[in-house]
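Structural features, examined
These are the residues of each chain, in order.
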Amino acid sequence: MEMLNPIQRIREMILTGELQAGERITEIGLAERLNISRTPIRNALPALAAEGFLEPFSKRGYSVKIFSHEECRSALELRAILEGHAAHTLAEKEDKTEALQALKECLEEGDRLFEKRHLKPEDEELYGQMNARFHQIIIEHAGSELTSMFIKRLNAVPFVAPSAIAFKNLGLDKAYAHLFRAHGQHHAIVNAIRNGDGQRAEFLFREHGQAQISSLFTSFKED
């Protein structure tokens, strides 16, 4: 089976409890554990800290951030509300040509992932990157610095950022079903924005957030 990239692998180790909350993380220890060189680990740790999975420990390493499932749920619910507001705002703008073009590119990228009708291990990370761009395009083009600031803070809670895809416990078949449904919601959101239907765009985005909550907590339950 193909090795996931270090960011995704470590993220899933945290999700499954293989790395315990509060556990100290070192480059050497993880490199030995994953049987890879220290360089990709060195690059992965700051990225995972930015996503809220790790926090600095002394001057030379990190520890796994202590968090609860309820903290994740609350942060996801709040993010869905704020992003729904951003989608509503964008839908009602007169000039949204640039945003729609960027969103179209995201949709096409996602469509290419699903056209083979199954997922490969590396596709989860590719979807996460595309998903993060999709959400960020809407936030940026809505034009509210305050909304953007609040969402950025929420994304620092583990498993809340749109890029944080982790379906190890579900398996690729269930992951495909979750992500395919979520991408269908992307299409519906873009259609609402294109049609200037702010209320529908907001409703769909909140529903999209609930889908992520369901996916995440299914992963927790499978643990």
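For every chain, the first residue of the written sequence is number 1, and numbering continues from 1 onward in sequence order. Only residues with pLDDT of at least 70 are given local features in this predicted model, and only at 80 or more are side-chain atom pairs given and counted; all residues enter the totals for whole chains, interfaces and linings. Just so you know, side-chain values use all the structure's heavy atoms and leave hydrogens and water out.

This part is about the packing of helix 1 (residues 6-16) against helix 2 (residues 27-34). Close contact between helix 1 and helix 2 brings their axes to 12 Å; oriented N to C, the two are set at 95 degrees. When the axes of helix 1 and helix 2 are compared, the pair comes out roughly perpendicular. Taken together, the residues of helix 2 that come into contact with helix 1 (itself represented by Arg 9, Ile 10 and Met 13) are Leu 30, Arg 33 and Leu 34. Under the convention adopted here, Pro, Cys and the residues Ala, Val, Leu, Ile, Met, Phe, Trp and Tyr are nonpolar, Asp, Glu, Lys and Arg are charged, and Gly plus all remaining residues are polar. When its residues are assigned to classes, the contact of helix 1 with helix 2 shows 4 nonpolar, no polar and 2 charged. For every element, the axis is a line fit to its C-alpha atoms; helices are fit only across the contacting stretch, and the angle between N-to-C directions ranges from 0 to 180 degrees. Numbered from the N terminus, helices here are DSSP runs of H or I no shorter than four residues, and strands are runs of E no shorter than two. We call two directions roughly parallel when the angle between them is under 35 degrees, roughly antiparallel when it is over 145, roughly perpendicular when it lies between 65 and 115, and oblique otherwise. Whether two residues are in contact is decided by their heavy atoms, any of which lying within 4.5 Å being enough.

Take the packing of helix 4 (residues 69-91) against helix 7 (residues 145-154) next. The geometry of helix 4 relative to helix 7 is characterised by a closest axis approach of 10 Å and an angle of 155 degrees between their N-to-C directions. When the axes of helix 4 and helix 7 are compared, the pair comes out roughly antiparallel. Considering the relative orientation of helix 4 and helix 7, their crossing is left-handed. Here helix 4 contributes Ala 75, Leu 78, Arg 79, Leu 82, Glu 83 and His 85 to the contact with helix 7, which in turn contributes Thr 147, Phe 150, Ile 151 and Leu 154. Taken together, the residues of the contact of helix 4 with helix 7 break down into 6 nonpolar, 2 polar and 2 charged. Working rule for handedness: look at the near helix, and if it is turned counterclockwise from the far one by less than a right angle, call the crossing left-handed; if clockwise, right-handed.

What follows covers the pattern of salt bridges. Whenever Lys or Arg places a side-chain nitrogen within 4 Å of a carboxyl oxygen from Asp or Glu, that contact is recorded as a salt bridge. For the coordinates displayed, the defined rule picks out 12 salt bridges. Salt-bridge contacts for Arg 9 lead to Glu 18; the nearest nitrogen and oxygen are separated by 3.4 Å. Categorising residues by exposure relies on relative accessible area from a 1.4 Å probe, with only protein chains included: less than 20% of the type maximum marks a residue as buried, more than 50% marks it as exposed, and the intermediate range marks it as partly exposed. Note on Arg 9: relative accessible area 17%, which makes it buried. Counted as one network, the salt bridges with shared partners bring together Arg 11, Glu 51 and Glu 125.

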